[in-house]
Amino acid sequence: MDILYRPRRLRRTPLLREMVRETSLHLSDLIAPLFVGEGEKVREEMENLPGICRYSVDTVTEEAKILEDLGIPAVLLFGVSTRRDPVGSSAWEREGIVQRAISAIKRATSLIVITDICLCGYADHGHCGVMCEGRVDNDRTVEAIARVALSHAREGVDGVAPSDMMDGRVGVMRRTLDEAGFHEVFIMSYSVKYASSLYGPFREMMHSTPRFGDRRSYQMDPGNAREAIREVALDLSEGADIVMVKPALAYLDIVARVREHFLVPLAVYNVSGEYAMVKSLARMGFAEERELVTEVLLSLKRAGADLIVTYHAKEMARWLTTR
Ligand code: PBG
Ligand code: ZN
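On a predicted model such as this, the values are computed, not experimentally measured, just so you know.

(A) Representation of a nonpolar patch on the surface within the structure. A contiguous nonpolar patch, built from Leu-10, Met-19 and Val-20 and spanning about 310 Å² of accessible area, is present on the exposed surface. Its place among the elements puts Val-20 in the loop between helix 1 (14–19) and strand 1 (30–37).

(B) Region of interest: the packing of aromatic side chains. All told, the structure shown has eight aromatic pairs when counted by the stated rule. Members of the aromatic cluster, joined through ring pairs, are Phe-35, Phe-78, Tyr-190, Phe-202, Tyr-269, Tyr-275 and Tyr-311. In this structure, Lys-246 is placed above the aromatic ring of Phe-202, and the distance from its NZ or CZ to the ring centre is 5.9 Å. One residue, Lys-246, lies across the ring of Tyr-269, its end atom 4.8 Å from the ring centre.

(C) Highlighting the coordination of the zinc ion (ligand 2). Those protein atoms acting as donors to the zinc ion (ligand 2) are Cys-118 (SG), Cys-120 (SG) and Cys-128 (SG), and they sit at 2.2 to 2.3 Å. One can describe the site at the zinc ion (ligand 2) as tetrahedral: its four donor atoms subtend angles covering 100 to 117° at the metal. All donors of the zinc ion (ligand 2) come from a single chain, and their spacing in sequence reads C-x1-C-x7-C. Placement of Cys-118 in the loop between strand 5 (112–117) and strand 6 (130–132) and of Cys-128 in the loop between strand 5 and strand 6 is noted, with a sequence separation of ten residues between them.

(D) Main features of the site of ligand 1. Every one of the 18 residues lining ligand 1 counts as a neighbour, but Arg-203, Gln-219, Lys-246, Ser-272 and Tyr-311 are closest to it. In the model, a nitrogen atom of ligand 1 is placed 3.2 Å from a nitrogen or oxygen of the Lys-246 side chain. Within the side chain of Tyr-311, a nitrogen or oxygen atom sits 2.6 Å from an oxygen atom of ligand 1.

(E) Structural detail: helix 5 (residues 169–179). Those residues of helix 5 that sit buried are Arg-169, Val-170, Gly-171, Met-173, Arg-174 and Leu-177. Elements in contact with the buried residues of helix 5: strand 5, helix 4 (138–153), strand 8 (159–162), strand 9 (186–193) and helix 7 (226–237). Positive phi shows up at Gly-181, right after helix 5, with a value of about 90°.

(F) Geometry of the side chain of Glu-315. Residue placement: Glu-315 occurs in helix 11 (residues 313–321). Assessed through its relative accessible area of 16%, Glu-315 is described here as buried. Engagement of the side chain of Glu-315 in a polar contact is seen with the side chain of Lys-279, the distance being 2.9 Å. Side-chain polar atoms of Glu-315 contact the side chain of His-312, separated by 2.6 Å. Every residue in contact with Glu-315, bar those within four places of it in the chain, is listed here: Tyr-275, Lys-279, Glu-289 and Val-293.

(G) Representation of helix 9 (residues 272–283) within the structure. Here helix 9 spans 16 Å end to end across twelve residues, near enough to the 16 Å set by a 1.5 Å rise per residue. Those residues of helix 9 lying buried are Ser-272, Gly-273, Glu-274, Tyr-275, Val-278, Lys-279 and Ala-282. At its buried positions, helix 9 is contacted by strand 3 (49–55), helix 6 (200–206), strand 11 (266–270), helix 10 (289–303) and helix 11. Downstream of helix 9 by one or two residues, Gly-285 has phi in the positive range, about 85°.

(H) Broad picture of the nonpolar core. Formed by 79 residues in total, the largest nonpolar core has its most connected members in Leu-77, Val-160, Val-245, Ile-254 and Val-258. Apart from the residues lying within four places of it in its own chain, the contact partners of Ile-254 are Val-192, Tyr-194, Asn-224, Ala-225, Ala-228 and Val-245. Counting residues in each nonpolar core, the second largest holds 27 residues, with Phe-35, Tyr-190, Tyr-199 and Met-244 among its members.

(I) Focus on the pairing of strand 8. Residues of strand 8 alternate between two faces, with Gly-159 and Ala-161 on one and Val-160 and Pro-162 on the opposite face, all of them buried. In this structure, strand 8 lies alongside strand 9, joined through two bridges in parallel fashion. Pairing of Val-160 across the sheet is with Ile-187, part of strand 9. Handedness of the β-α-β unit built from strand 8, helix 5 and strand 9 comes out right-handed.

Conventions we followed
- Numbering of residues begins from 1 in every chain and follows the order in which that chain's sequence is written.
- As they are written, the chains are lettered A onward and the ligands numbered 1 onward, keeping that order.
- Two thresholds apply to this predicted model, a pLDDT of at least 70 for residue-level local features and 80 or more for giving and counting side-chain atom pairs, whereas whole-chain, interface and lining totals are computed over all residues.
- Based on all heavy atoms of the structure, the side-chain values leave hydrogens and waters out of the count.
- Within this analysis, patches are made of residues with over 30% relative accessible area and no salt bridge. Like charges are joined at 9 Å or less; nonpolar side chains (Val, Leu, Ile, Met, Phe, Trp, Tyr) at 5 Å or less.
- Note on areas: these come from Shrake-Rupley sampling with a 1.4 Å probe, and a residue is covered only by the protein chains present in the view.
- By salt bridge we mean one thing: a side-chain nitrogen of Lys or Arg within 4 Å of a carboxyl oxygen of Asp or Glu.
- Helix numbering and strand numbering both begin at the N terminus, where a helix is a DSSP run of H or I of at least 4 residues and a strand a DSSP run of E of at least 2.
- Aromatic pairing here means that ring centres of Phe, Tyr or Trp (its six-membered ring) are within 6.5 Å. Orientation follows from the plane angle: under 30 degrees is stacked, over 60 is edge-to-face, and everything else is tilted.
- Two conditions define a charge located above a ring, namely a distance within 6 Å from the ring centre to NZ of Lys or CZ of Arg, and an angle within 35 degrees of the ring normal.
- The rule for donors is simple: an N, O or S atom within 2.8 Å of the metal counts, and for Na, K and Ca the reach is 3.2 Å. Water is not among the atoms, so a site may look short of donors.
- In this scheme the shape depends on donor count and angles: four donors with every angle between 85 and 135 degrees give tetrahedral, four or six donors with opposite pairs above 155 degrees and others between 65 and 115 give square planar or octahedral in turn, and any other case is irregular.
- Think of it this way: one heavy atom of a residue within 4 Å of a molecule or strand is enough to make that residue near it.
- Whenever a nitrogen or oxygen atom comes within 3.5 Å of another N or O atom, the pair is scored as a polar contact, on the condition that within protein one atom can donate a hydrogen and the other can accept it, and that pairs from neighbouring residues in sequence are kept only if both atoms are in side chains.
- In this scheme, a residue with accessible area under 20% of its type's maximum is buried, one over 50% is exposed, and one in between is partly exposed, where area comes from a 1.4 Å probe on protein chains only.
- Residue contacts are defined here by distance: any two heavy atoms, one from each residue, within 4.5 Å place the two residues in contact.
- For a helix, the expected span equals 1.5 Å multiplied by the residue count minus one.
- We define a nonpolar core as any set of buried Ala, Val, Leu, Ile, Met, Phe, Trp, Tyr and Cys residues linked to one another through side-chain atoms lying within 4.5 Å.
- In this analysis, strands are considered paired if DSSP registers two or more bridges between them.
- When the strands point away from the viewer and the path from the first strand over the helix to the second turns clockwise, the crossover is right-handed.

What follows is the structure, given as structure tokens:
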């Protein structure tokens, strides 16, 4: 048969396939989420997030060491407070859980420590901001989360990641950090965050399901793609260093568009619902777990992500270092 281009030629052996592979996963792509709450010696595995635990400050530091030993470069810290009030004031306490966790992890490891900045883990109503007359008040929230970011910077955080979706927060946060001399703390903004049904297991972990209403007045409408470009442009104009798209899997078109439009580092958040779906498929015996997870995470890189926040980080790191 007269076939000039035979694609199968380069698919013949594993080594050949590896040589011509366009996209690969690396340890340095991974950011591991870590949840820290009150107490001591806590390591409470979440039923809906197999393998993912809620820690206390002491155990989260132990876990961070394990992640560092596996070669994971960065963690994203979330605080789950039991002392909640309407404004989420435990988020910016001097000796708060995340504040203590930052300094403990920085002392014990050389990991890059990034903190999620939001009020939903600290506010009694579960919303991502300060409530005022039944609505999330944009400007009061921005003021509050800038304080949270500053309190983390004082403990030596490397980067802050605002996930609240208020308008203008990146600019105010940048100014607040700079005025206090924290020019080197970077901002990884959740620039494009959709109002998604894929956050279910996370909200259970954080006890942050809104007590009333939903998050559609601040998170993005899933029907909007052009708006994602505007959101990223806005955050960059306010000083964001890394931008993020979230969720990941159902929004790969958005990841690709953002990649095409901008030159900055792009992160994606492979969210809790995506993790739970993949885990249950593997647990039901319909897929080989390592291959499935590798394929999923690779798809995010292929779409254009540089960095992946994922609950698979630990297992993926193990797989990347053992053939
Ligand atoms: C809240 C926040 C959410 C996630 C990260 N930060 C959920 C939400 O908006 O309700 C989602 C993470 C996940 O589902 O894994 N600020
Ligand atoms: Zn929130």
